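Analysis of the macromolecular model
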Amino acid sequence: MWVSAFFGMATIYAEAVMAQHTRKLENGHYVGGPVYYIKYVFKGRFGKFLAGFFSVAIILALGFMGNMVQSNSIGAAFNNAFHVPKLAVGICVAVIAGIIFIGGIKRIASFTEKIVPIMALLYIIGCLVILVMHLPGVGTAFKDIFVGAFAPQAIIGGGLGSALKIAVAQGAKRGLFSNEAGMGSTPHAHALAQVKCPHEQGTVAMAGVFIDTFVVLTLNALVIISTLYTSDGPLANGYVGSVVDTLNNTNLAQTAFGVVFGDKLGNMFVAVCLFFFAFSTIIGWYFFGQANIKSVSYTHLRAHE
């Protein structure tokens with residue numbers, strides 16, 4: 001994940017700069033994203049085909065499959081922490097999201113810019129508290145990360161080649177899912193930023209990937225490893241006994257926080273934080289999907305003028 005994020009900082013810089021460079025003013029508002037810079041680079045029918053294909057793919061990936069994953073994560077976390085049926089949680093998420101969607105881009109921006117930084121700060125503080133309480137395990141956790149990276153067969157099983165392949169593939173997929181660098185989703189937001197030059201927005205985009213992966217997810221990994229995989233942790237002997245049932249009903253973060261704060265409080269804390277992280281992603285992905293629908297419609301109308 002660190003390696004994918006390192007290179008992802010370069011790709012997201014390019015995405016943000018291109019989004020700023022090729023954005024257009026339509027109906028008094030700036031719009032931009034991959035559709036616009038794809039057609040800027042690739043002229044004619046081929047460019048229109050690539051832009052159209054991207055729009056359809058990103059609408060399906062974010063608006064449908066991606067948001068299913070996010071809402072399911074919220075439902076599973078709340079079901080474990082508060083024993084609320086997943087269906088009820090899903091309906092509530094849909095209703096709240098609908099209210100925000102009706103309010104348009106201003107309400108979307110207002111919600112995310114106020115809530116997400118607060119929840120991210122609270123989650124980081126929670127992680128730091130756990131790491132301070134398990135300070136000896138932090139060094140061991142870093143050791144396990146590097147040992148697992150360069151000798152993964154001990155953890156994953158199988159030969160060195162196949163184990164490395166699995167480790168790299170899983171890390172790249174999780175890294176991409178967490179920071180979206182190179183996926184083509186975030187340029188829609190970067191195109192709206194009011195900056196003096198595209199380079200400024202590119203550096204902001206890079207900072208976002210760095211904070212997401214190198215800070216938040218690293219803290220998350222250290223918390224999980226230092227609490228669950230140490231000699232006195234519940235996973236010290238692997239996935240055996242009652243641990244299997246526990247992990248089938250909750251995620252690793254909830255289990256890790258539960259080790260320190262108690263099952264109930266730890267599960268509730270992670271569930272609330274996860275709700276705001278995942279819900280803000282749903283809101284953002286809705287906007288990205290909507291932007292692509294509008295861009296395709298706009299291109300179709302201009303082609304017939």
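What comes next is a walk through the structure. (Residues numbered from 1 in each chain as written. Predicted model: local features only at pLDDT ≥ 70, side-chain atom pairs only at ≥ 80, totals over all residues. Heavy atoms only, no water.)

Describing the packing of aromatic side chains
All chains considered together, the criterion is met by 17 aromatic pairs. For the pair Phe6 and Phe7, a centre-to-centre distance of 5.4 Å together with 80° between the ring planes defines the contact as edge-to-face. For the pair shown, Phe6 and Phe7 are each scored as exposed. Following the ring pairs from residue to residue traces out a cluster consisting of Phe78, Phe82, Phe275, Phe276 and Phe279. The aromatic ring of Tyr30 is capped on one face by Arg23, whose charged end is 3.7 Å from the ring centroid. Cation over ring: Lys39 sits above Tyr36, and NZ or CZ is 5.8 Å from the ring centre. (Phe/Tyr/Trp six-rings, centres within 6.5 Å; stacked < 30°, edge-to-face > 60°. Buried < 20%, exposed > 50% of the residue type's maximum accessible area, 1.4 Å probe, protein only. Lys NZ or Arg CZ within 6 Å of the ring centre and 35° of its normal.)

Examining the packing of helix α6 (residues 135–150) against helix α10 (residues 198–228)
Look at α6 against α10: their axes get within 8 Å of each other, and the N-to-C directions meet at 110°. By the angle between their directions, the pair α6 and α10 is classed as roughly perpendicular. Contact with α6, carried on its side by Gly137, Val138, Ala141, Phe142, Asp144 and Ile145, involves Leu222, Ile225 and Ser226 of α10 and no other residues of that element. Here the contact of α6 with α10 is built from residues that sort into six nonpolar, two polar and one charged. (Axes fitted to C-alpha atoms, helices over the stretch in contact; angles between N-to-C directions. Helix = DSSP H or I, 4+ residues; strand = E, 2+ residues; numbered from the N terminus. Parallel < 35°, antiparallel > 145°, perpendicular 65-115°, else oblique. Contact = heavy atoms within 4.5 Å. Nonpolar A, V, L, I, M, F, W, Y, C, P; charged D, E, K, R; others polar.)

Quick notes on the packing of α10 against helix α12 (residues 252–261)
Two numbers describe a pair of packed helices, the interaxial angle and the distance between the axes. Where α10 contacts α12, the axes come no closer than 9 Å and their chain directions differ by 55°. Relative to α12, the element α10 lies oblique. Between α10 and α12 lies a crossing whose hand is left-handed. For the pair α10 and α12, contact is made by Asn220, Val223, Ile224, Thr227 and Leu228 and by Leu252, Ala253, Thr255, Ala256, Phe257, Val259 and Val260, respectively. Its residues placed into classes, the contact of α10 with α12 shows nine nonpolar, three polar and no charged. (Left-handed = near helix turned anticlockwise from the far one by under 90°.)

Let's talk about α6
In a regular helix each residue adds 1.5 Å, so 16 residues correspond to 22 Å; α6 covers 24 Å between its end C-alpha atoms and thus fits that length. Within α6, the full set of buried residues consists of Gly137, Val138, Ala141 and Gly148. Angularly, the buried residues of α6 cover 110° about the axis, an arc narrow enough to put them on a single face. Among the exposed residues of α6, those oriented more than 90 degrees off its buried face are Pro136, Lys143 and Phe150. (Expected span 1.5 Å × (residues − 1). Arc of directions from axis to C-beta.)

Quick notes on the environment of Met119
Within the secondary structure, Met119 sits in helix α5 (residues 104–133). Note on Met119: relative accessible area 10%, which makes it buried. Expressed as a C-alpha distance, the spacing of Met119 and Phe277, which sit 158 residues apart in the sequence, is 7.7 Å. Those residues in contact with Met119 that sit more than four places away from it in its chain are Val272, Cys273, Phe276 and Phe277.

A short note on a nonpolar patch on the surface
A cluster of nonpolar residues, Tyr40, Val41, Phe42, Phe46, Phe49 and Phe53, forms a patch on the protein surface that exposes about 670 Å² of accessible area. Mapped by element, the contributors of at least two residues to the nonpolar patch are α2 (34–41) and α3 (44–82). Looking at the nonpolar patch, the element that brings in the most residues is α3, giving three residues. As for its position among the elements, Phe42 is in the loop between α2 and α3. (Patch = residues over 30% accessible without salt bridge, like charges linked within 9 Å, V, L, I, M, F, W, Y side chains within 5 Å. Areas by Shrake-Rupley, 256 points an atom, 1.4 Å probe, with all protein chains shown as cover. Salt bridge = Lys/Arg side-chain N within 4 Å of Asp/Glu carboxyl O.)

Some points on the nonpolar core
Counting residues in each nonpolar core, the largest one holds 37 residues, and the members touching the most others are Ile74, Val93, Tyr123, Val223, Phe257, Phe275 and Phe279. The element that contributes the greatest number of residues to this core is helix α13 (residues 263–303), accounting for nine residues. By size, the runner-up hydrophobic cluster in this structure holds 11 residues, among which are Val35, Ala51, Phe54 and Leu62. (Core = buried A, V, L, I, M, F, W, Y, C linked by side-chain atoms within 4.5 Å.)

Some remarks on the environment of Thr255
Secondary-structure assignment places Thr255 in helix α12. Look at Thr255 and you get buried, because its relative accessible area is 14%. Taking the C-alpha atoms as reference points, Thr255 and Ile224, 31 residues apart in sequence, are found 8.1 Å from one another.

With respect to helix α4 (residues 86–102)
Here α4 contains 17 residues, and its C-alpha end-to-end distance of 24 Å stays within 8% of the 24 Å for a straight helix at 1.5 Å per residue. Among all positions in α4, only Val89, Val93, Ala97 and Ile100 are buried. In an axial view of α4, the angular spread of the buried residues amounts to 60°, which keeps them on one side of the axis. Opposite the buried face of α4, by more than 90 degrees, sit the exposed residues Leu87 and Ile102.

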